[in-house]
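What follows is each chain in one-letter form.
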Amino acid sequence: MRALTFERVKFSMGLPLVKRTLQEQAEKTENFVRRSLVVGEVLSTADMATGVKCGIIYWLFGGAVRNLGSPGHVAKWLQPLQEQKYTGMFAITERGHGSNVRGIQTEATFDLSAQEFVIHTPCEDAQKMYVGNAMLGNYAAVFAQLTEGGTSPGPHCFIVPVHDESGSLYPGMTVIDMMYKEGLNGVDNGILIFDKVRIPRDNLLDKFGSVAPDGQYHSPKNKSARFNAMLAALTPSRLLVMFQALGAIKLGLTIAICYNHSRRQFGPKAQEEVRIIEHRTQTLRLMPHLATTLALTFASRYAGVLLDEDVFQGKELVGRHPLQALVVGLKAYSTWENICCLQDCRECTGGMGYMMENRIAGLKSDTDVFVTFESDNVVMLQVVARELLAQHTKQYEERPLVSLLRSWAESGSDKLRTSFLAFNMDTVGNLAFLLKAVNFRERVLQRGLVARIYYKVVTKKEDFFKAWNLCLHHVSSLSLAHIHRVTLTQFSLAALRCPDRGDQALLMKFCLLYGTKLVFQEQAWYLEHKYWTPEASRRIRSQLLDLCDSVKDDALRVISAFNIPHTSLHAPIAGITNPLAAWAFYPAPRLPGVREGERSRAKPRAKL
């Protein structure tokens, strides 16, 4: 399987479209980020292991060179990488330190006389773990604690040779195969151990910190800013994980929805059995996921536009904390949604969904790692909350009076909103009501977190780490509330911009379903905060059920707009013939309005 994946990577990277995308990455042409992300999603849809391995080689290793190296490094390392003269890997996680990159223990000591860095693994906890492409890759981008003159300016990234062209290990290198995993077994993960491996001084990626020939360390940033700049370089690859997760979600939903429109089970006595999509429990499980997928699609494009603009204009991502927080929050939300969605797709396709021929089981296994890939999701949510608190503090520092008045106004408005008399000002079936509801939840959670931290640190004089740790449940709730609000807002804006009235109406219906889902899943919280009455809560539940029922046939138009080719779909239960699994075949359902004998997959007016 590994050999097949490696051949697929080489084939994919030789395709004209992919080669042009890689060249655009190197040249940082306009809109190259979004085009690269879409290519990553398409590759992952065709084969997840191939997409992930391409991401390791070209986004993680190549991204490290591009974002942490000097122009000389880019010229030296990226062109041969694009020409497939070698392959790379990315080594940051250690046995003892994963998300806590500051604490990594791999050492990089400068030898002045030899003009070399000595890369060394001092203990078991410093062994680099889960390194993708470890068994085949030629070079690794290794994060290690730089030491010069007896002091350490913190983690830096180095290019370290691992295998030569014949596949033999370089002196001092030990690579241990981590063998089989839950999924992605086409990707070779391994452990890297360095025994005083020597590399040239120029192999330090020195955009943010360099060591001169005389051994003097130079950096345009202080230690903290330098560390943040290095981690900010991971922002594009984290967004790529979101696109890969979306590819898996779209594929799983397409298979499940096609099958649910073809398979029949139960029905009125003495009548034909009904399609299983007619059963309310099926629509209630699948339709909210489809609405969420549309919301995440538009939110991911929004993040991609912001990232594209910054990179094209030459801005350093380290200064774009709101963008970093948005990306890591979307990564967490989308990968958790991927887990939940694929599980529901599996259950809604019964035993057929359990068969590897129908892809859902494999997608579940292959994408489960995404929730901890590129850092644990819970840790990512802390990044979001810290940025929200930083923005809150900055507003009060820069404009204390205006911020105080605004806070009083918002608080008063929220209290008025929760009163009995104010309730009838909105209807739950109005998108404006749902937008106000998610805004209210985010504001209340933010005020609550600020009050909790202030009380523990200022009033009770507790250590900040302890105070923060005791509030982590609140931190996660606030971060997700923020991301939910952003995705609903971007979904509504995208729907309003849609030029085709028919498609716009369809998108607005799914947008309303998504907003209804968001508030329904937190209905106990809204009742607790008296935002609405029990009667309104019942109306929300009824609205969710009605919307799920009303969009079940429209779902075929949406999955058609995903534009997934048959060669990537594979699943016999989605209407794709497979001589080796003829027993699993179900004919593809017809789109609404398409007559018998016409193509069941009419071209959509828009593509998603």
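This one's a predicted model, so the numbers in the text were calculated from it and none came from an experiment.

*Asks:* I keep staring at the overall build of the protein and nothing clicks. Help me out?
*Replies:* When helices and strands are counted, the protein shows 21 helices and 11 strands. Relative to the compact-globule value of 25 Å for 608 residues, the protein shows a C-alpha radius of gyration of 26 Å, a close match. Projected onto its principal axes, the C-alpha coordinates of the protein cover approximately 90 × 70 × 40 Å. For the protein, with 608 residues in total, the buried portion stands at 53%. Only carbon and sulfur atoms are counted for the fraction: they give 56% of the accessible area of the protein, which is about 26,800 Å².

*Asks:* Sorry if this is basic, but what is going on with helix α1 (residues 2-13) here?
*Replies:* In an α-helix, one full turn covers 3.6 residues, which means residues spaced three or four apart are oriented alike. Under the 1.5 Å per step criterion, the end-to-end length of α1 is 16 Å for 12 residues, consistent within 8% with the ideal 16 Å. For α1, the full list of buried residues reads T5, F6, V9, S12 and M13. For α1, the angular spread of the buried residues around the axis is 125°, confining them to a single face. Away from its buried face, by an angle of more than 90 degrees, α1 presents the exposed residues A3 and F11. Considering only its buried residues, α1 is in contact with α2 (16-27), α3 (32-46) and α4 (48-68).

*Asks:* What should I look at first to understand unusual backbone geometry in this one?
*Replies:* Excluding glycine, residues mostly have negative phi values, and the peptide bonds linking residues are mostly trans. Positive phi is not limited to glycine here, since Q115 has a value of about 55°. Located in the positive-phi region is H570, a residue other than glycine, with phi close to 65°.

*Asks:* Help me understand the pattern of salt bridges, please; the structure alone is not making it clear to me.
*Replies:* Side-chain pairs of opposite charge can arise whenever the charged atoms involved come near each other. Taken as a whole and assessed by the stated rule, the structure comprises 27 salt bridges. One salt bridge connects E83 with K85, and the closest N-O pair in it is separated by 3.1 Å. Relative accessible area serves as the criterion here: at 40%, E83 is assigned to the partly exposed category. In the salt-bridge network here, residues are joined through shared partners; they are R275, E278, D549, K552 and D553.

*Asks:* In this structure, what is going on with a nonpolar patch on the surface? I would like to understand it.
*Replies:* Where nonpolar side chains cluster on the molecular surface, the patch consists of Y354, M355 and W583 and spans about 360 Å² of accessible area. Considering the arrangement of structural elements, one finds Y354 in helix α10 (residues 350-354).

*Asks:* Mind showing me how you'd approach the environment of Y180 here?
*Replies:* In this structure, Y180 sits in the loop between β7 (173-177) and β8 (189-194). Taking the C-alpha atoms as reference points, Y180 and Q216, 36 residues apart in sequence, are found 45 Å from one another.

*Asks:* What exactly am I supposed to notice about the environment of K221 here?
*Replies:* Tracing the chain through its elements places K221 in the loop between β11 (217-218) and α6 (223-232). C-alpha separation for the pair K221 and F208, spaced 13 residues apart in sequence, amounts to 6.9 Å.

*Asks:* Please clarify how the side chain of H163 should be interpreted in this entry.
*Replies:* Counting through the fold element by element, H163 comes out in the loop between β6 (151-161) and β7. Residue contacts for H163: discarding those within four places in its chain leaves A134, M135, L136, G137, N138, S168, L169, Y170 and V175.

*Asks:* Any chance you could explain the sheet that holds β8 here in plain terms?
*Replies:* Strand pairs in the sheet, formed through backbone hydrogen bonds, run parallel or antiparallel to each other. A sheet is described by the order of its strands in space; here three strands give the open sequence β4-β8-β7, paired in antiparallel fashion. Whereas interior strands pair on both sides, the edge strands pair on one side only; in this sheet they are β4 (128-132) and β7. Averaged over all neighbouring strand pairs, the angle between strand axes comes to 35°, with direction disregarded. Sheet topology note: the β7/β8 ladder contains five bridges and is antiparallel. Bridging from a neighbouring strand, I176 pairs with I191 of β8.

*Asks:* How should the packing of α4 against helix α7 (residues 235-262) be read in this particular structure?
*Replies:* Any two packed helices are characterised by how steeply their axes cross, that is the angle between the axes, and by the distance between the axes. For the pair α4 and α7, the least separation of the axes is 11 Å and the interaxial angle reads 170°. In terms of orientation, α4 and α7 fall into the roughly antiparallel class. Counted together, M48, G51, V52, G55, W59 and L60 of α4 and P236, S237, L240, Q244 and A248 of α7 form the full contact between these two elements. For the contact of α4 with α7, the residue count by class is seven nonpolar, four polar and no charged.

*Asks:* It is not clear to me how the pairing of strand β9 (residues 197-200) should be interpreted in this structure. Could you clarify?
*Replies:* Within a regular beta strand, the side chains point alternately toward one face of the sheet and then the other, so they alternate between its two faces. Going residue by residue along β9, you find V197 and I199 tucked away on one face and R198 and P200 left uncovered on the opposite face. Sheet analysis places strand β3 (residues 116-120) next to β9, joined by four bridges and oriented antiparallel. Each residue of the ladder has a partner; that of E116, found in β9, is P200.

*Asks:* Can you help me understand the confidence of the model for the protein in this one?
*Replies:* Low pLDDT means the predicted coordinates in that region are not meant to be read closely. Per-residue pLDDT for the protein has a mean of 90; in total, 91% of the residues score no lower than 70. Low pLDDT, under 50, characterises residues 419-423; the stretch is placed with nine contacts to residues that sit more than four places away or in other chains. In this model residues 599-604 is a low-confidence stretch, pLDDT under 50, and it forms 16 contacts with partners more than four residues away in sequence or in other chains.

*Asks:* How should the packing of aromatic side chains be read in this particular structure?
*Replies:* For any two aromatic rings, the description comes down to two numbers: the centre-to-centre distance and the angle of the planes. The tally for this structure, following the rule as stated, stands at 20 aromatic pairs. A centroid spacing of 6.3 Å and a plane angle of 20° characterise the contact between F370 and F373, whose relative ring orientation is stacked. You can call F370 buried: its relative accessible area is 0%. We classify F373 as partly exposed; its relative accessible area is 23%. Taking 4.6 Å as the distance between ring centres and 35° as the angle between the ring planes, the aromatic pair formed by Y526 and W532 counts as tilted. In this structure, Y526 and W532 share a single accessibility class: buried. Joined through ring pairs, the aromatic side chains of F433, F440, W525, Y526, Y531 and W532 make up one cluster. Here the guanidinium or amino end of R386 rests over the ring plane of W468, the centre of that ring lying 4.5 Å away. In this structure, R441 is placed above the aromatic ring of W525, and the distance from its NZ or CZ to the ring centre is 4.9 Å.

Thresholds applied
- Residues numbered from 1 in each chain as written.
- Predicted model: local features only at pLDDT ≥ 70, side-chain atom pairs only at ≥ 80, totals over all residues.
- Heavy atoms only, no water.
- Helix = DSSP H or I, 4+ residues; strand = E, 2+ residues; numbered from the N terminus.
- Rg over C-alpha atoms; globule rule 2.2 N^0.38 Å.
- Buried < 20%, exposed > 50% of the residue type's maximum accessible area, 1.4 Å probe, protein only.
- Areas by Shrake-Rupley, 256 points an atom, 1.4 Å probe, with all protein chains shown as cover.
- Expected span 1.5 Å × (residues − 1).
- Arc of directions from axis to C-beta.
- Contact = heavy atoms within 4.5 Å.
- Salt bridge = Lys/Arg side-chain N within 4 Å of Asp/Glu carboxyl O.
- Patch = residues over 30% accessible without salt bridge, like charges linked within 9 Å, V, L, I, M, F, W, Y side chains within 5 Å.
- Pairing = 2+ DSSP bridges.
- Axes fitted to C-alpha atoms, helices over the stretch in contact; angles between N-to-C directions.
- Parallel < 35°, antiparallel > 145°, perpendicular 65-115°, else oblique.
- Nonpolar A, V, L, I, M, F, W, Y, C, P; charged D, E, K, R; others polar.
- pLDDT = per-residue confidence, 0-100.
- Phe/Tyr/Trp six-rings, centres within 6.5 Å; stacked < 30°, edge-to-face > 60°.
- Lys NZ or Arg CZ within 6 Å of the ring centre and 35° of its normal.

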